[in-house]
Amino acid sequence: MKKTLSAALTTALVIGAASTTFAAANPFADVPADHWAYDAVSQLAADGVIEGYGDSTFKGNRNITRYEMAQMVAKAMAKNTNGADKALVDKLAAEFGEELSNLGVRVANLERNADKVKWNGEARYRYWDYRDKQADGKTARTDKATMQFRLLPTAEINENWKIKARFTATSNAKNDTAGKAEMTFVYADGVYDNVEIKVGKMPFFSANDDGLVMDNFFSGAQLTAGKDVKVILEAGRWDIAGQGNSFINAADVKDHAGYQGVQVNYEKDKIFAGVGYRHFNSTVFKTVNYSKSGNDEDAHIWSVGGKYTFNKIWALGGAYAQNTKADSYNKSASVQLDYKKANKVNAGSWGAFLGYRHVGANVSLAPTFDTTRAAANVKGWDLGATYIPFKNTLVTLGYFNGKQLNNDRKTQTMYARLSYFF
């Protein structure tokens, strides 16, 4: 009798304490299966912001409670995200505000105890097979294979600033010869509300045209301001002789290009659109492959692009770019249809794309397309597929079939990649 009474009193005290602590919201109520928060958290997991339960995002197929959802949101808030991820985190924080308030001490502890240095990385194997038709009708074949190991540390300085870097070691996989190890980039990244500042050597990607003009690295500074509409200002220098395409680097010139650029991008819901202008100055351009006089040192590159995501399965994007200073091969364009998307945390997921490229060497200085990068003066169809056989393992296959712009002869590229993420 005494044990029964004691148990009843204990239960009443626990229930009373719980009802007081969680009076504002029941932390054990399930989030409905059709709630938008599941898609938001899944996207944040795909972007590496949160890890869920380790087996995809949620445990099996069961719903999770508002208490559990708030815990994941708290972890995402502690990572000080930016861009589209920050917008998702802010939206989730507003939805689960009461639960986060109830978890106030725990959230503070998460932020205080977050690791100052976080490490991510990738090990990859890549293979290219290029086949170009020659003037005598024969086909010249060139293939190459590389192995690469990347480490990407992020070091927290304070609540606004971080240091981000990438160390890369590359070797020739065809003959097992040693390659080089280098610090690919390192820069300071500061975020203040809707303003982001980067200073150092950083990724150089022309987002408004989806990499049609540039996917490389530059040294300098970048300022990004805005939320749905973002203005991006950049200035610095680019290692054009070491990183540019082979067409404009026909002469073995060691040089850096001075660089200034501006982009205006809009992204909301299913729509992305942007315009950009980039100015380069370098003696590398002083060649008849670039201008008739062979004395022009400037590139004025204008670009525009957009993408519409119809649903989780289909998306259509396109871009156009032109260099108003080059006399030849000065226009580039790309149209791409995407089907599904491989998510590295979801084994069995896959995606495919079909695109048409017109890649002028004097405007696409370092394009992102793997199948056209070596022959950067081509036009034709680009087909590829991605697959996740195991979690954090990516397999990519690509094929390009087209013509060389400077001689109208046939060119083909077959491409394969295997990546392990950690």
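Trainee: Looking at this model, I keep getting lost on the pattern of salt bridges. Mind explaining?
Mentor: Should the charged atoms of two oppositely charged side chains come close, the side chains can pair. Tallied over the entire structure, the rule returns 18 salt bridges. Taken together, the salt bridges that share partners define one network made up of E122, R124, R150 and R417.

Trainee: Please explain the packing of aromatic side chains as it appears in this structure.
Mentor: One pair of aromatic rings is described through two measures. These are the centre distance and the angle between the planes. Counted under the stated rule, the structure contains 17 aromatic pairs. With centroids separated by 4.6 Å and ring planes inclined at 35°, the aromatic side chains of F285 and Y290 adopt a geometry described as tilted. Considered together, F285 and Y290 belong to a single accessibility category, that of buried residues. Look at Y308 and F310: their rings are 4.9 Å apart centre to centre, the planes differ by 75°, and that puts the pair in the edge-to-face class. With a relative accessible area of 40%, F310 lands in the partly exposed category. Site record: aromatic cluster; members linked through ring pairs are F204, F218, W238, Y259 and F280. Between K344 and the ring centre of F421, over which it is positioned, the NZ or CZ distance is 4.7 Å. Its end group placed over the ring of F369, R357 keeps NZ or CZ at 4.1 Å from the ring centre.

Trainee: I keep staring at the packing of helix α3 (residues 66-78) against helix α4 (residues 83-95) and nothing clicks. Help me out?
Mentor: The N-to-C vectors of α3 and α4 enclose an angle of 140°; their axes lie 10 Å apart at closest approach. One finds that α3 runs oblique with respect to α4. With respect to the hand of their crossing, α3 and α4 are arranged in left-handed fashion. Of the residues in α4, those touching α3 at R66, V73, A76 and M77 are V89, L92, A93 and E95. For the contact of α3 with α4, the per-class residue count stands at six nonpolar, no polar and two charged.

Trainee: What exactly am I supposed to notice about the side chain of H279 here?
Mentor: Relative to the helices and strands, H279 resides in strand β9 (residues 271-281). At a separation of 2.7 Å, a polar atom in the side chain of H279 contacts the side chain of Q260. Polar side-chain contacts of H279 include one of 2.8 Å to the side chain of D298. Ignoring anything within four residues of it in the chain, the contact list for H279 reads G258, Y259, Q260, D298, A299 and H300.

Trainee: In this structure, what is going on with α3? I would like to understand it.
Mentor: Helical periodicity: at 3.6 residues per turn, an α-helix aligns residues three or four positions apart in one direction. Taking 1.5 Å per residue, 13 residues should reach 18 Å; α3 reaches 18 Å between its end C-alpha atoms and fits that length. Listed as buried for α3 are R66, Y67, E68, M69, A70, M72, V73, A74 and A76. Backbone geometry just downstream of α3 places N80 in the positive-phi region, at approximately 55°.

Trainee: Please explain unusual backbone geometry as it appears in this structure.
Mentor: A negative phi angle is the norm for most residues apart from glycine, just as the trans form is the norm for most peptide bonds. The backbone of D269 shows a phi angle near 55°, a positive value even though the residue is not glycine. Looking at the element boundaries, D269 is found in the loop between β8 (257-268) and β9. Of note, the phi angle at N392 is positive, near 65°, even though the residue is not glycine. With relative accessibility at 23%, the residue N392 sits in the partly exposed group.

Trainee: I keep staring at the pairing of strand β12 (residues 331-340) and nothing clicks. Help me out?
Mentor: The two faces of the sheet receive side chains in turn, since in a regular strand these alternate between them. Sheet topology note: the strand β11 (residues 314-323)/β12 ladder contains nine bridges and is antiparallel. Following the sheet pairing, G318 is matched in β12 by V335. With eight bridges joining them, β12 and strand β13 (residues 350-359) adopt antiparallel strand pairing. Following the sheet pairing, D338 is matched in β13 by F353.

Trainee: I tried to follow the nonpolar core on my own but got confused; where do I start?
Mentor: Note on soluble globular proteins: their nonpolar side chains tend to be buried together. In this structure, F204, M214, W238, F280, F285, I301 and L365 are the most contacted members of the largest nonpolar core, which totals 26 residues. Of all the secondary structure elements, the ones that give two or more residues to this core are β4 (177-192), β5 (195-205), β6 (215-226), β8, β10 (298-309) and β11. Every residue in contact with I301, bar those within four places of it in the chain, is listed here: V213, G276, Y277, R278, F280, Q322, N323, V363 and L365. Judged by nonpolar contacts, the second largest core, of 23 residues, contains A40, L44, V73 and A93.

Trainee: Is there a simple way to explain the packing of helix α2 (residues 36-46) against α4 in this structure?
Mentor: Look at α2 against α4: their axes get within 10 Å of each other, and the N-to-C directions meet at 145°. Classified by chirality, the crossing of α4 by α2 is left-handed. Two secondary-structure elements touch here, α2 through W36, A37, A40, V41, Q43 and L44 and α4 through D85, L88, V89, K91, L92 and E95. In terms of residue class, the contact of α2 with α4 is made up of eight nonpolar, one polar and three charged.

Trainee: Explain the environment of N194 here, please?
Mentor: Checked against the element boundaries, N194 lands in the loop between β4 and β5. Counting along the chain gives 34 residues from N194 to D228, while the straight-line C-alpha distance between them is 9.7 Å. Among all residues touching N194, those that are not within four sequence positions of it are T224, A225, G226 and K227.

Trainee: Could you clarify how one ought to interpret the side chain of E122 in this entry?
Mentor: Tracing the backbone shows E122 in strand β1 (residues 117-133). Under the relative-accessibility criterion, E122 is labelled buried at 6%. The residues touching E122, leaving out its near neighbours within four places in the chain, are Q148, F149, R150, R417, S419, Y420, F421 and F422.

Conventions adopted
- Residues numbered from 1 in each chain as written.
- Predicted model: local features only at pLDDT ≥ 70, side-chain atom pairs only at ≥ 80, totals over all residues.
- Heavy atoms only, no water.
- Salt bridge = Lys/Arg side-chain N within 4 Å of Asp/Glu carboxyl O.
- Phe/Tyr/Trp six-rings, centres within 6.5 Å; stacked < 30°, edge-to-face > 60°.
- Buried < 20%, exposed > 50% of the residue type's maximum accessible area, 1.4 Å probe, protein only.
- Lys NZ or Arg CZ within 6 Å of the ring centre and 35° of its normal.
- Axes fitted to C-alpha atoms, helices over the stretch in contact; angles between N-to-C directions.
- Helix = DSSP H or I, 4+ residues; strand = E, 2+ residues; numbered from the N terminus.
- Parallel < 35°, antiparallel > 145°, perpendicular 65-115°, else oblique.
- Left-handed = near helix turned anticlockwise from the far one by under 90°.
- Contact = heavy atoms within 4.5 Å.
- Nonpolar A, V, L, I, M, F, W, Y, C, P; charged D, E, K, R; others polar.
- Polar contact = N/O pair within 3.5 Å; in protein donor to acceptor, adjacent residues only side chain to side chain.
- Expected span 1.5 Å × (residues − 1).
- Pairing = 2+ DSSP bridges.
- Core = buried A, V, L, I, M, F, W, Y, C linked by side-chain atoms within 4.5 Å.

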